[in-house]
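The lines below spell out each chain.
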Number of protein chains: 2
Amino acid sequence: MACAPDPSNNKNSSSILHQQVQKISRIPVSWGAHAWGIGREDPRRAIHALKVGTALTLVSLLYILEPLFKGVGKNAMWAVMTVVVVLEFTAGATICKGLNRGLGTILAGSLAFIIEIVAVRSGKVFRALFVGSSVFLIGFAATYLRFFPSIKKNYDYGVVIFLLTFNLITVSSFRQEDVMPLARDRLSTIAIGCAICLFMSLFVLPNWSGEDLHSSTVHKFEGLARSIEACVTEYFQDQDKDDNIVDKQASRASIHIGYRAVLDSKSSDENLAHYASWEPRHSMQCYSYPWQKYVKLGSVLRHFAYTVAALHGCLESEVQTPPSVRSLFRNPCTRVAQEVVKVLQELAISIRDHHRCAPDVLSDHLHEALQDLNSAIRSQPRLFLGSKHACANNRVLVELNSSKPTATRATLPSFKTDNTSLSERRNTKSDQPPERNERTLRPTLSKIAMTSLEFSEALPFAAFASLLVEMVVRLEMVIEEVKGLEKAANFREFTEHDYLTIDLTSSEKMRNPNGIPLNNHTVSTAAE
Amino acid sequence: MACAPDPSNNKNSSSILHQQVQKISRIPVSWGAHAWGIGREDPRRAIHALKVGTALTLVSLLYILEPLFKGVGKNAMWAVMTVVVVLEFTAGATICKGLNRGLGTILAGSLAFIIEIVAVRSGKVFRALFVGSSVFLIGFAATYLRFFPSIKKNYDYGVVIFLLTFNLITVSSFRQEDVMPLARDRLSTIAIGCAICLFMSLFVLPNWSGEDLHSSTVHKFEGLARSIEACVTEYFQDQDKDDNIVDKQASRASIHIGYRAVLDSKSSDENLAHYASWEPRHSMQCYSYPWQKYVKLGSVLRHFAYTVAALHGCLESEVQTPPSVRSLFRNPCTRVAQEVVKVLQELAISIRDHHRCAPDVLSDHLHEALQDLNSAIRSQPRLFLGSKHACANNRVLVELNSSKPTATRATLPSFKTDNTSLSERRNTKSDQPPERNERTLRPTLSKIAMTSLEFSEALPFAAFASLLVEMVVRLEMVIEEVKGLEKAANFREFTEHDYLTIDLTSSEKMRNPNGIPLNNHTVSTAAE
């Protein structure tokens, strides 16, 4: 009976097989969709892949076409290797690698030549010792040199190529009498490879690191503006609890994306600026373009973004000011935030369009908004009393704010609800056995949350308001840095016409959030 | 007269020449000192350089020794190249690159072999077309593949080597009839190179990425603890203005270094964890070591560090609570900070020594300190009134705090001094011509600072206190993550004996601040 085939089992296994086959057959489709998505996110990727394919085919012609092969022979291999290794996504990276490769090869060739002169006059055993020890010494020195920060930053690849070429030539010279042709052929084929790479990356639909850096800087401003806007909206929206949860999650995610992109930008900024400094485009204009200013602006923006992160922390904090108290300050806070957002957007537009920002970009409106926030806080002195007093003082508070009595009355109930739920949480969990280390965390959490909630209710709000004020102060540092950049990069002077531009373009600020321009044509024409 | 040699001029130029010669003669000395410093900072660098030198000499023996050369011949070149390119600083990176290189070569060889089978039966022209188009297609596909995030993260180097090998074999096959020996020789010499690299990096004084990640995590905790300690000390120390300025600058720098190292650690953490996952050391123990948990802990620590950055922002802010007001809260705030610092140090020690942290690491002391801060803030309700009211309420404040009357009395004078100096600054600068855009910034700055200063004096302090509370809440998230790591990494159970260890070692917490252990022997024995 156990051995007899069970028809239902058979049917089951065949259906499982069918499912598996379907799953496997879906793999190419999902991979295709994934590949398509990567290309659609930034079409320059597909173009770059096409360029690499073309460059490789071109360099293969050295082998395939008879007359060319007669010229270079088997050394064409080095040209192929050069194209594979040197052709990078942006022009700056390709130039940097190409020059490093060329320089490394030349230096290594020269050094190997000198060593060859010494080695050629000696006997076989001495020669072996001499070659061995020079390989060891140069290997040690070059590797140690790669730890020097200045070398690591600019010439790391060059040192690797130097070491590679030096070893190849020195070691080959041990078996081959005349090593000069080897060195010469290697150099000439590498030159051919580099020439093809430079041609493809500079003249065929080039991607400029500088442009990427420029547009990522613009996107950072836009992202921060979105973050702040969403953050403040969220902070004062808590009381409508029937709000769409999906919307809320989306807005929380957008807050995070905006400032996180700024906080994580350090290494990519530095790389882009490094490669951009190799690009000839702006250097042709008699002055070297101030890419390092972009890096510095990025660092000031990160400093600004810490405040945005802290503001976001206020949203997610365990310790919360009741919505009713917050709603008292909604208008002045929102106004300050809106003014900050406006300034950030104006800065984004002025950088994007390469014109200087308005001298009064930090407007009087912002000043007024700060004044309003100030008077709003001053008009509620009782709020900053401890929560024990809050009960007694609630009536005074209501009297003070006769315009919003319902909102204020809602304060204490909601505050108490939180309080009760937390103490319930503590009661249910604190009687757990102490040996379960992981589980004992929760009671501690609620203990701290309890302590915190007994603080003055307005304390968290004070932090929020203080961060808003701090943000304005840091915004000024950002503006100062932007003005420095504008001056150093010779942006065109601010004209009244630019006001028009700002009004026209400010509506299209919602662009793709990952900092890569979908269509970099506009940026490129603006910069030329 | 003009042509006559001027003796004083001559003397001058000779002294300038002398200075120049001296300057140049000092260059080797300063370079030597620089090189020595780099080695002293992390002696493993010099060891690594020696290892590379040795590996290169070993691989050169393939050429130099007659019997070995007969075996591999000129293809020994590939072994030399492999050693130069694959031997990296840490074992994980070397394994990752070596396996990528091996895998890429094998795959490319197989594919080239298949194409060779098709191409060998056709005419010369068709063959040229076929080889050209396959080079183009594979070049395009491989380059496009490098943009896939999963490929880019793990197999980027493998794809480059695949492309390189495929092109070399396919293109060579066009001129050479039997391409199999080429493929076989390349593979075998690459295998020899990889073997030498793996031997040097795994068995000769190995550097483990995992260990670096582990100790950098420990250093992050220590750095954060130092930052918080220095930050709070600084915040409550402002009133002693005769303090040593050099000390102050050093302490400010140490604040910055501590949390900045955490904030900037993202990419280095991810790299180290990636390489660590290739290292066999822990995988031999039947479970894969949870390196990704370290990355996650790093991200939670960054989240915590945002609060530290914001706390530091309170120090540097333009808007400051008068020192006299701050001093009222010095003790409770310092106590909370000290408790947080203690917890961070305990976590650092428990991670460093691979034992679990005490279940009550978030101690009752912290709870008490928070309670004290709470009651301190509640006992000063009048402080949170606006500054206009402050004058009238000052007497009440003094009465409320009969224990610290002198400190409170000092409040308003110092506050007013700041105020006056700022308005003076505004007056002197606001009458500048409006066309000097860069200079008009200052008045705006003071305008904002003025507005801010008119806020309730205690608002900035409220932010400071709120950040301290928030920090405690986030500390709990850190502890939760640490416990997750400890469980996943099978750290040994917490015993009473560990308390002893903590007491003994907590005094040696001041280690080199750049996150690289000067002597990693202790870490390595602890992990074995």
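Predicted, not measured: the structure shown is a model, and the values here were computed from it.

K.L.:
Just to check I follow, could you spell out the domain arrangement of chain A for this structure?
P.N.:
Frequently, the measure chosen for interface size is the accessible area that the parts lose on association. All names here are of chain A. Domains assigned within chain A are domain 1 (43–203) and domain 2 (209–379 + 469–527). Taken residue by residue, the interface counts 14 residues in domain 1 and 10 residues in domain 2. In this assembly, domain 1 packs against domain 2 so that about 1,100 Å² is buried in total across both faces, 63% of it on carbon and sulfur atoms. There are 1 salt bridge connecting domain 1 and domain 2. With its nearest N and O atoms 2.9 Å apart, the salt bridge here joins R44 to D212. Elements supplying a minimum of two residues to the side of domain 1 that touches domain 2: α2 (44–64), α5 (91–119) and α7 (149–154). Top contributing element to the side of domain 1 that touches domain 2 by residue count: α5, with 6 residues.

K.L.:
Please explain the pattern of salt bridges as it appears in this structure.
P.N.:
Pairing between side chains of opposite charge can happen when their charged atoms approach one another. Per the counting criterion, the structure on display carries 29 salt bridges over all chains. By sharing partners, the salt bridges in this structure join A:D42, A:R44 and A:D212 into a single network.

K.L.:
Any chance you could explain the UniProt feature "transmembrane region" (unreviewed entry) in chain A here in plain terms?
P.N.:
As annotated by UniProt and renumbered to match this structure, "transmembrane region" (unreviewed entry) occupies residues 46–65, 77–96, 103–120, 126–145, 157–175 and 187–205 of chain A. Secondary structure content for residues 103–120 of chain A is 94% helix and 0% strand, and the end C-alpha separation is 25 Å.

K.L.:
Help me understand the packing of helix α12 (residues 266–276) of chain A against helix α14 (residues 291–316) of chain A in this model?
P.N.:
Angle between the axes and distance between the axes are the two parameters that describe a pair of packed helices. Residues and elements named next belong to chain A. Relative orientation of the contacting elements α12 and α14 amounts to 170°, with a least axis distance of 8 Å. Here α12 lies roughly antiparallel to α14, going by the angle between them. Counting all contacts with α12, which are made through K266, D269, E270, A273 and A276, the residues of α14 involved are W291, Q292, V295, G298 and R302. Its residues placed into classes, the contact of α12 with α14 shows 4 nonpolar, 2 polar and 4 charged.

K.L.:
It is not clear to me how the confidence of the model for chain A should be interpreted in this structure. Could you clarify?
P.N.:
Reading fine detail from the predicted coordinates is not recommended where pLDDT is low. All names here are of chain A. Taken over all residues, the pLDDT of chain A has a mean of 73, while the share at 70 or more is 71%. For chain A, per-element mean pLDDT is lowest for helix α24 (residues 521–527), which scores 30, and highest for helix α10 (residues 209–235), which scores 90. Throughout residues 1–5 the model reports pLDDT below 50, and contacts reaching past four residues in sequence, or to other chains, amount to 0 contacts. When the criterion is pLDDT under 50, residues 384–454 qualifies, and its contacts beyond four places in sequence or with other chains add up to 99 contacts. Under the prediction, the complex receives an ipTM of 0.73, its pTM being 0.73.

Calculation criteria
- Residues numbered from 1 in each chain as written.
- Chains lettered and ligands numbered in written order.
- Predicted model: local features only at pLDDT ≥ 70, side-chain atom pairs only at ≥ 80, totals over all residues.
- Heavy atoms only, no water.
- Domains from an automatic or database assignment.
- Contact = heavy atoms within 4.5 Å.
- Buried area = accessible area lost by both parts, 1.4 Å probe.
- Salt bridge = Lys/Arg side-chain N within 4 Å of Asp/Glu carboxyl O.
- Helix = DSSP H or I, 4+ residues; strand = E, 2+ residues; numbered from the N terminus.
- UniProt positions renumbered as here; feature names shortened; annotations may be inferred.
- Axes fitted to C-alpha atoms, helices over the stretch in contact; angles between N-to-C directions.
- Parallel < 35°, antiparallel > 145°, perpendicular 65-115°, else oblique.
- Nonpolar A, V, L, I, M, F, W, Y, C, P; charged D, E, K, R; others polar.
- pLDDT = per-residue confidence, 0-100.

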